Amino acid sequence: MTVAIAGAAECDLGQTGLSVPELLTQAVSRALDDAGLSLSDVDGLATTGHGRFPATQLADYLGLHPVWTDSTSAGGAVFEMYVARAAQAIEAGQCHVAVIAFASDQRSARSRRMTGEPNRFSDPYQPLWPLSYYAMVAQRYLYTYRLGRADLAQQAVWARQRALLNPAAWTHTQGALTVQDVLDAPLISSPLGKLDCCLVTDGGGAIVLTSLDRARHLRQRPVLVRGYGEVVTHAEMTSAEDLLYPGAAAAGAQAFARAGMSHRDIDVLQIYDSFTISVPLALEQLGFCPPGEGAAWSGLPMNTGGGGLAYCHPGQLGVLLLVEAVRQLRGQCGARQVPDARTALVHGTGGIMSSHATVILEAAA
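Keep in mind that this is a model prediction, so the values were computed, not measured.

### Observations concerning the overall build of the protein chain
Reasoning step 1: Along the protein chain, the regular secondary structure elements total 11 helices and 11 strands.
Reasoning step 2: Seen through its C-alpha atoms, the protein chain measures out along the principal axes to roughly 55 × 40 × 40 Å.
Reasoning step 3: Among the 365 residues that make up the protein chain, the fraction classed as buried is 58%.
Reasoning step 4: Accessible area for the protein chain stands at about 14,500 Å²; split by element, carbon and sulfur atoms hold 49% of it.

Rendered as structure tokens:
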């Protein structure tokens, strides 16, 4: 059985003043409406990031009795993991319509509290979690490949350029960035400054999955789930084997193998950009360019909505990367639309480069 994404939507973004349940309800309702389905059709639910039992609590709030749920917690990569789990559940007949959703009110609630588990090796140095760890990776990257802060700053400049084409982006009206702007911004954890870091916003989204046979009779052009892969490599940087070789390579290889595709078959990329170092490393590990060349690589349209650096970042971005990929493959992105986009690779990263998950999507013929 082939599984497809039949619906995709954002909830309100930015500084909304809404609660997490309200934002989740928006995301789920809008995605179902996008698909031409209703809550009564949903029998599968995956979500994370709020409460002790996220899927149970969301199901209760929406009045659902799902027969399949998932509340795995793996940071920003988990939504790409959910795609794999939901596709497998639908193929196995465990459920028929699965919704993957996430929302956060962190900006309105001023509630962003990012702390890792206690670690006796790193805690004495009082690192900013996770920023200081990504900064450590960035420092190693720049040293190894003889690059400078300006090479990473270009990622923020490109992200802003893309966001200027997206009316929903937080920075849509803030004008273009220059490399010098990024370098002049306050340094937070060397070599990363304020504009090397993702946004802090409310927001979220949802996608709806079902069988391709059913999706063909719904409202939107189906987007096929062609391949997926994942790996978890470490919890803390003190146990990472090599800072420059995170697990994206393994996740990407699995996804390409399942899809029966190669890099040449991909039209658009959605890569988790929590910090300016995130994209170069992911591109290199996914095999799109050699080590050390990711910072300058621009071989494919990427993060077309603006990404976490310029569009929004509600604490976990992975579901919104999927929403943007689906819209690109349907041809619904207006001024930022990639011409003739038929395939998309979505890659999520969670924790401190701890979890990695890749999904390959294709527009149905």
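Anyway, onward from the coordinates.
### Section: the UniProt feature "domain: Thiolase C-terminal" (unreviewed entry) in the protein chain
Reasoning step 1: Per the UniProt record, the feature "domain: Thiolase C-terminal" (unreviewed entry) sits at residues 229–362.
Reasoning step 2: In residues 229–362, helix accounts for 28% and strand for 18%; the two terminal C-alpha atoms are 16 Å from one another.

### Focus on the nonpolar core
Reasoning step 1: Counting residues in hydrophobic clusters, the biggest one holds 52 residues, and the most contacted among them are Ile5, Phe79, Val83, Ile100, Ile207, Leu209 and Leu361.
Reasoning step 2: Broken down by element, the residue count for this core peaks at 10 residues, all from helix H3 (residues 78–91).
Reasoning step 3: Those residues within four positions of Phe79 in sequence are excluded, and the remaining contacts are Thr48, Ile100, Ala101, Phe102, Gln316, Gly318, Val319 and Leu322.
Reasoning step 4: In terms of nonpolar packing, the next biggest core, distinct from the first, is built from 29 residues, Ala9, Leu32, Val42 and Ala59 among them.

### Things to note about the sheet that holds strand S8 (residues 223–232)
Reasoning step 1: Judged by pairing direction, the sheet is mixed, and its 9 strands sit side by side in the order S3-S2-S4-S7-S1-S8-S11-S10-S9 without closing on themselves. Both outer strands of the open sheet, strand S3 (68–70) and strand S9 (268–271), are each paired with one neighbouring strand and no more. Neighbouring strand axes in the sheet, compared pairwise and without regard to direction, differ in orientation by 25 degrees on average.
Reasoning step 2: Pairing between strand S1 (residues 3–10) and S8: 2 bridges, direction antiparallel. Each bridged residue has a counterpart across the sheet, and for Ile5 the counterpart in S8 is Val223.
Reasoning step 3: Against the sheet, helix H8 (residues 248–259) touches S8, strand S10 (343–350) and strand S11 (355–363), its axis set at about 150 degrees to S8.
Reasoning step 4: Relative to the sheet, helix H11 (residues 318–330) contacts S1, strand S4 (98–104), strand S7 (203–211), S8, S9, S10 and S11, its axis offset from that of S1 by approximately 110 degrees.

### Re H8
Reasoning step 1: An ideal rise of 1.5 Å per residue puts 16 Å on 12 residues; H8 measures up with 16 Å between its terminal C-alpha atoms.
Reasoning step 2: What H8 keeps buried is the set Ala248, Ala251, Gly252, Ala255, Phe256 and Ala259. For H8, the angular spread of the buried residues around the axis is 130 degrees, confining them to a single face.
Reasoning step 3: Among the residues trailing H8, Gly260 stands out with phi positive, at a value near 65 degrees.

### Quick look at helix H4 (residues 131–144)
Reasoning step 1: Across its 14 residues, H4 extends 20 Å between first and last C-alpha, which sits within 8% of the 20 Å expected from 1.5 Å per residue.
Reasoning step 2: Here H4 has its buried residues at Leu131, Ser132, Tyr133, Tyr134, Ala135, Val137, Ala138, Tyr141 and Leu142.
Reasoning step 3: The secondary structure elements touched by the buried residues of H4 are helix H5 (149–163), strand S5 (187–189), strand S6 (192–193), helix H9 (278–285) and S10.

### So, the packing of aromatic side chains
Reasoning step 1: Counted under the stated rule, the structure contains 6 aromatic pairs.
Reasoning step 2: Taken together, a centroid distance of 5.8 Å and an interplanar angle of 50 degrees make the contact between Phe288 and Trp297 tilted.
Reasoning step 3: You can call Trp297 buried: its relative accessible area is 17%.
Reasoning step 4: One aromatic cluster in this structure is built from Phe79, Tyr82 and Phe102.
Reasoning step 5: The aromatic ring of Tyr143 is capped on one face by Arg146, whose charged end is 5.0 Å from the ring centroid.

### A few points about the pattern of salt bridges
Reasoning step 1: Considering all chains together, one arrives at 10 salt bridges under this definition.
Reasoning step 2: The salt bridge partner of Asp12 is Arg30, with a shortest N-O separation of 2.9 Å. Taken as a pair, Asp12 in the loop between S1 and helix H1 (20–35) and Arg30 in helix H1 lie far apart in primary sequence, 18 residues in all.
Reasoning step 3: Of the residues examined, Asp12 reaches a relative accessible area of 28% and is grouped as partly exposed.
Reasoning step 4: Judged by relative accessible area, Arg30 falls into the partly exposed class, the value being 34%.
Reasoning step 5: Here Asp70 ties to Arg85 by a salt bridge, and the two come within 3.9 Å at their closest N and O atoms.

### A word on the pairing of S7
Reasoning step 1: The buried fraction of S7 amounts to 9 of the 9 residues, a majority that puts the element mostly inside the structure.
Reasoning step 2: Sheet topology places S1 next to S7; 7 bridges connect them, and they run antiparallel. Opposite Val3, over in S7, you have Ser211 as the bridge partner.
Reasoning step 3: Strand direction decides the pairing type here: S4 and S7, joined by 7 bridges, are antiparallel. The partner of Ser104 across the bridge, within S7, is Gly203.

### With respect to the side chain of Thr210
Reasoning step 1: Note that Thr210 resides in strand S7.
Reasoning step 2: Here His96 takes part through its backbone oxygen, which lies 2.8 Å from a polar atom of the side chain of Thr210.
Reasoning step 3: Dropping the residues within four chain positions of it, Thr210 is found in contact with Thr2, Val3, Ala4, Ala6, Ile90, His96, Val97, Ala215 and Leu218.

Calculation criteria
Residues numbered from 1 in each chain as written. Predicted model: local features only at pLDDT ≥ 70, side-chain atom pairs only at ≥ 80, totals over all residues. Heavy atoms only, no water. Helix = DSSP H or I, 4+ residues; strand = E, 2+ residues; numbered from the N terminus. Buried < 20%, exposed > 50% of the residue type's maximum accessible area, 1.4 Å probe, protein only. Areas by Shrake-Rupley, 256 points an atom, 1.4 Å probe, with all protein chains shown as cover. UniProt positions renumbered as here; feature names shortened; annotations may be inferred. Core = buried A, V, L, I, M, F, W, Y, C linked by side-chain atoms within 4.5 Å. Contact = heavy atoms within 4.5 Å. Pairing = 2+ DSSP bridges. Axes fitted to C-alpha atoms, helices over the stretch in contact; angles between N-to-C directions. Expected span 1.5 Å × (residues − 1). Arc of directions from axis to C-beta. Phe/Tyr/Trp six-rings, centres within 6.5 Å; stacked < 30°, edge-to-face > 60°. Lys NZ or Arg CZ within 6 Å of the ring centre and 35° of its normal. Salt bridge = Lys/Arg side-chain N within 4 Å of Asp/Glu carboxyl O. Polar contact = N/O pair within 3.5 Å; in protein donor to acceptor, adjacent residues only side chain to side chain.

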